Amino acid sequence: MIIIREKESGYGLVIAILLIIIMVLISYIAYNKGLDKNKKKDLITTKVETTTTNLKTTPISREYTYNNICDDVLPCSKEITTIDDLIIRLESNENKHKIILTGLIEKNIELEQFISLRIIDNKFFIIKSLEKDKKESHILTLYDDKFNKLDLLDMNIYKPESYDNLNLIYYTYNIECPDNQDEYFIKETAIISENGFEITSSNKGPIKTDGIICKKITTN
């Protein structure tokens with residue numbers, strides 16, 4: 001009986017050691033799986049954190065009209081606005097209108113008649129004016145942030161322009177065409193950039209091309 005008990009005790013010790021080894025292995029495997037999960041989680045988290053979305057920004061557009069600045073009173077000498085350290089003033093009398101720039105830029109822009117100033121994203125300045133010998137159209141002049149002239153064009157005075165961010169839709173027409181029918185107006189779409197007014201779509205071709213023709217009308 002004593003010998004049998006010793007053998008049973010030996011078997012029990014072996015079984016206990018095996019159980020301990022199995023538990024250690026299970027713990028080790030569980031620990032490694034936990035590490036793998038954490039690594040994958042960290043990789044996923046890092047990927048999400050480094051992924052960025054570029055949102056299209058909308059340029060800010062402001063417009064200052066002569067009537068709002070001077071109340072249609074002459075002579076007029078008033079500040080239009082201040083951008084950074086640039087002061088923009090308007091001086092008008094019966095003969096001339098003048099945009100006066102002081103501060104970062106010292107410059108005068110003389111106009112026959114000032115109509116409005118539009119500022120787009122503090123990068124572009126658009127002055128609308130009227131010349132004495134061009135009663136049929138407005139003159140739209142584009143300047144950069146240093147008030148260097150980029151481009152100018154004639155716009156039909158009877159149909160207003162519209163802006164969508166940096167896109168400009170305007171109308172022009174041949175002076176020889178009747179001015180009271182929409183079918184004679186030529187619609188132009190342009191984008192405002194450092195290069196000026198870049199035409200993106202046009203019914204009759206580039207605005208600067210001479211010889212824009214009227215819409216042909218056939219009669220029976």
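Quick look at the structure, then. Please read all numbers here as calculations on a predicted model, not as lab measurements.

A word on the sheet that holds strand β1 (residues 61-65)
- Ordered in space as β1-β6-β7-β8-β9, the five strands form an open sheet in which the pairing is antiparallel. Two strands bound the open sheet, and with one partner strand each, they are β1 and β9 (149-156). Within the sheet, the average angular offset between the axes of one strand and its neighbour, ignoring direction, is 15°.
- Bridge count between strand β8 (residues 137-143) and β9: seven bridges; the pairing is antiparallel. When the sheet's bridge partners are listed, Leu 140 is paired in β9 with Leu 153.

A word on the packing of aromatic side chains
- Evaluation of the coordinates by the stated rule reveals two aromatic pairs.
- Summarising the aromatic geometry, the rings of Tyr 143 and Phe 147 are spaced 5.5 Å apart at their centres and angled 40° between planes, so their arrangement reads as tilted.
- Chaining the aromatic ring pairs together yields one cluster made of Phe 125, Tyr 143 and Phe 147.
- For the cation-ring pair, Lys 159 lies above Tyr 171, with the distance from its terminal atom to the ring centre recorded as 4.9 Å.

Conventions and cut-offs
- Residues numbered from 1 in each chain as written.
- Predicted model: local features only at pLDDT ≥ 70, side-chain atom pairs only at ≥ 80, totals over all residues.
- Heavy atoms only, no water.
- Pairing = 2+ DSSP bridges.
- Helix = DSSP H or I, 4+ residues; strand = E, 2+ residues; numbered from the N terminus.
- Axes fitted to C-alpha atoms, helices over the stretch in contact; angles between N-to-C directions.
- Phe/Tyr/Trp six-rings, centres within 6.5 Å; stacked < 30°, edge-to-face > 60°.
- Lys NZ or Arg CZ within 6 Å of the ring centre and 35° of its normal.

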